[in-house]
Amino acid sequence: MAAVRAAGLKIGLASVSKNAFTVLDRLGIRDRFDVVVDAALIANSKPHPEIFLNAAAALGVAPEDCLGVEDAVAGVASIKSAGMFAVGVGSPDVLTQADRVIPSLTEFRLADY
């Protein structure tokens, strides 16, 4: 996240969990996100793109200028349907719709995108 912040980029979290705010508060990391969109704020679940489109709108960023990170097939499909670049975290054999797949978040390098 430090590199993302240093680059002046915004960070949003799109979670279908209804407990996203509670989890972020308990972890003490809610302030690391400029925007949090959770299941309470959407009508359609993933793979519908609504949650990612809402996050982009709340950030004031066009979807085509966003990069989404997901570890699930439905999430990657949702990112792609929103018109965003999708980074899958996991297996390239599973996350076949992702534009790029990394084995874990420790492998994420902003300079690669």
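This text gives an overview of the structure that appears in the document. (Residues numbered from 1 in each chain as written. Predicted model: local features only at pLDDT ≥ 70, side-chain atom pairs only at ≥ 80, totals over all residues. Heavy atoms only, no water.)

**Brief notes about the pattern of salt bridges**
Point 1. All told, the structure shown has four salt bridges when counted by the stated rule.
Point 2. A salt bridge links Asp25 to Arg30; its shortest N-O distance comes to 3.2 Å.
Point 3. The exposure class assigned to Asp25 is partly exposed, which follows from its relative accessible area of 43%.
Point 4. Classification of Arg30 as partly exposed rests on a relative accessible area of 37%. (Salt bridge = Lys/Arg side-chain N within 4 Å of Asp/Glu carboxyl O. Buried < 20%, exposed > 50% of the residue type's maximum accessible area, 1.4 Å probe, protein only.)

**Comments concerning the nonpolar core**
Point 1. Core analysis: the biggest nonpolar cluster contains 17 residues, and Val37, Ile51, Phe52, Val76, Ile79 and Met84 have the highest contact counts within it.
Point 2. If one sorts the elements of this core by residue count, helix 3 (residues 50–59) sits on top with five residues.
Point 3. If we skip the residues at most four places from it in the chain, Ile79 touches Phe52, Gly68, Val69, Glu70, Met84, Phe85 and Ala86.
Point 4. Grouped together as the second largest cluster of nonpolar side chains are five residues, Ile11, Leu24, Phe33 and Val36 included. (Core = buried A, V, L, I, M, F, W, Y, C linked by side-chain atoms within 4.5 Å. Helix = DSSP H or I, 4+ residues; strand = E, 2+ residues; numbered from the N terminus. Contact = heavy atoms within 4.5 Å.)

**Considering the side chain of Ser78**
Point 1. Inspection of the secondary structure puts Ser78 in helix 4 (residues 73–81).
Point 2. Residues within four places of Ser78 in sequence aside, it is in contact with Lys46, Pro47, His48, Pro49, Ile51 and Phe52.

**Some remarks on the environment of Lys10**
Point 1. Looking at the element boundaries, Lys10 is found in the loop between helix 1 (2–6) and strand 1 (12–14).
Point 2. Beyond its immediate sequence surroundings of up to four residues, Lys10 is in contact with Val4, Arg5, Asp34, Leu59 and Val61.
Point 3. Here Leu59 takes part through its backbone oxygen, which lies 2.7 Å from a polar atom of the side chain of Lys10. (Polar contact = N/O pair within 3.5 Å; in protein donor to acceptor, adjacent residues only side chain to side chain.)

**A closer look at the environment of Ala74**
Point 1. Relative to the helices and strands, Ala74 resides in helix 4.
Point 2. On a C-alpha basis, the gap between Ala74 and Val36 in space is 19 Å, while along the polypeptide they are 38 residues apart.
Point 3. Leave out the neighbours within four places in its chain, and Ala74 touches Lys46 and Pro47.

**Regarding unusual backbone geometry**
Point 1. With an omega dihedral of 20 degrees, the bond running from Lys46 to Pro47 counts as a cis peptide bond.
Point 2. Along the chain, Pro47 falls in the loop between strand 2 (35–37) and helix 3.

**What about helix 4?**
Point 1. What helix 4 keeps buried is the set Gly75, Val76, Ala77, Ser78 and Ile79.
Point 2. Of the residues one or two after helix 4, Gly83 is the one with positive phi, at around 85 degrees.

**Some details on the environment of Ser81**
Point 1. Examined against the element boundaries, Ser81 turns out to sit in helix 4.
Point 2. Residues Ser81 and Glu50, spaced 31 residues apart in sequence, show a C-alpha to C-alpha distance of 9.1 Å.
Point 3. With residues up to four places along the chain from it excluded, the contact list for Ser81 reads Pro47 and Pro49.

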